[in-house]
Amino acid sequence: YWVQAGGADIYQWLDILQDRIPCVHFKDMAVSGWNPIMAPVGDGNLNFPAIVKKLNELGKTKYALVEQDTCQGSPFDCLQRSYDYLRSLGL
């Protein structure tokens, strides 16, 4: 989330930090009007299939953490949707 929000290339940073990413902190970004908002992982515009593929190729990540600072609805529902989506990608 924050790499994309800052305008940087997620995949470039994964390459740069590949030996220093045992944990990955997942957040997703959606847009409401002109404003970015946090969304359950898989409901926003980050390319998580490609991100997960890249992480698997690097083979250094042991833990995937999900955080959503603000939720549109129940935080438990948002966490469940994020979990289910990441599981569907093989995490």
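See the structure above.
What you are looking at is a predicted structure, and each value in this text was computed from that prediction instead of being measured. Think of each chain on its own: its residues are numbered from 1, step by step along the sequence as written. Restriction of local features to residues with pLDDT of at least 70 applies here, the model being predicted, together with a cutoff of 80 or more for giving and counting side-chain atom pairs; totals for whole chains, interfaces and linings are based on all residues. Working from all heavy atoms in the structure, the side-chain values ignore hydrogens and water.

Student: Looking at this structure, how should I read the pattern of salt bridges?
Tutor: Opposite charge on two side chains permits pairing when their charged atoms draw close. A carboxyl oxygen of Asp or Glu within 4 Å of a side-chain nitrogen of Lys or Arg is what we treat as a salt bridge. Enumeration over the complete set of coordinates arrives at four salt bridges. As a salt-bridge pair, Arg81 and Asp43 come within 2.2 Å of each other at their nearest N and O atoms. Taken as a pair, Arg81 in helix H4 (residues 75-88) and Asp43 in the loop between strand E3 (35-39) and helix H3 (48-58) lie far apart in primary sequence, 38 residues in all. Throughout, exposure labels follow a simple rule: accessible area from a 1.4 Å probe, protein chains only, divided by the maximum for the residue type, with under 20% read as buried, over 50% as exposed, and the rest as partly exposed. Look at Arg81 and you get partly exposed, because its relative accessible area is 41%. We classify Asp43 as partly exposed; its relative accessible area is 42%. In DSSP terms, a helix is any run of H or I states spanning at least four residues, a strand is any run of E spanning at least two, and both are numbered starting from the N terminus.

Student: Got a minute to help me understand H4 in this structure?
Tutor: By this rule the span expected of a helix is its residue count minus one, scaled by 1.5 Å. In this model H4 runs 20 Å from its N-terminal to its C-terminal C-alpha over 14 residues, within 8% of the 20 Å that 1.5 Å per residue would give. Of all the residues in H4, the buried ones are Cys78, Ser82 and Leu86. Down the axis of H4, the buried side of the element spans an arc of 65 degrees, and every buried residue falls inside it. Away from its buried face, by an angle of more than 90 degrees, H4 presents the exposed residues Phe76, Arg87 and Ser88. Every residue pair with non-hydrogen atoms within 4.5 Å of one another is taken to be in contact. If you follow the buried residues of H4, they end up packed against strand E1 (23-26) and strand E4 (63-66). Between the side-chain oxygen at the start of H4 and the backbone nitrogen of Phe76 there is a gap of 3.2 Å, and the oxygen is on Ser74. Immediately downstream of H4, the backbone of Gly90 shows phi near 95 degrees, a positive value. Along the arc lie the directions from the helix axis toward the C-beta atoms. Contacts described as polar in this section are N or O atom pairs within 3.5 Å, which, within protein, must combine one atom able to donate a hydrogen with one able to accept it, while residues neighboring in sequence count only if both atoms come from side chains.

Student: I tried to follow the nonpolar core on my own but got confused; where do I start?
Tutor: The nonpolar side chains of a soluble globular protein tend to be buried, and buried together. Put simply, buried Ala, Val, Leu, Ile, Met, Phe, Trp, Tyr and Cys residues joined by side-chain atoms within 4.5 Å make one nonpolar core. Ranked by size, the top nonpolar core spans 15 residues in total, and within it Leu14, Phe26, Leu46, Phe48, Ile51 and Leu55 carry the most contacts. When contributions to this core are tallied by element, the ones reaching two or more residues are helix H2 (10-16), E1 and H3. Sorting elements by how many residues they give to this core places H3 first, with four residues. Contact partners of Leu46, with chain neighbours within four places excluded, come to Tyr1, Gln4, Ile10, Lys27, Asp28, Met29 and Ile51.

Student: Please explain the packing of aromatic side chains as it appears in this structure.
Tutor: Centre-to-centre distance and the angle between the planes together describe a pair of aromatic rings. Only Phe, Tyr and Trp rings take part, Trp by its six-membered ring, and two of them pair if their centres are within 6.5 Å. Stacked means planes under 30 degrees apart, edge-to-face means over 60, and tilted covers everything else. Counting across every chain of the model gives two aromatic pairs. Both rings, one in Tyr1 and one in Trp2, keep their centres 4.7 Å apart while their planes meet at 80 degrees; by these two values the pair is edge-to-face. Judged by its relative accessible area of 13%, Tyr1 falls in the buried class. You can call Trp2 exposed: its relative accessible area is 54%. Pairing Phe26 with Phe48 gives two aromatic rings, centres 5.5 Å apart and planes at 70 degrees, and the pair type is edge-to-face. Here the residue Phe26 occupies a position in strand E1, and Phe48 occupies one in helix H3, the gap between them amounting to 22 residues. For Phe48, a relative accessible area of 1% gives the class buried.

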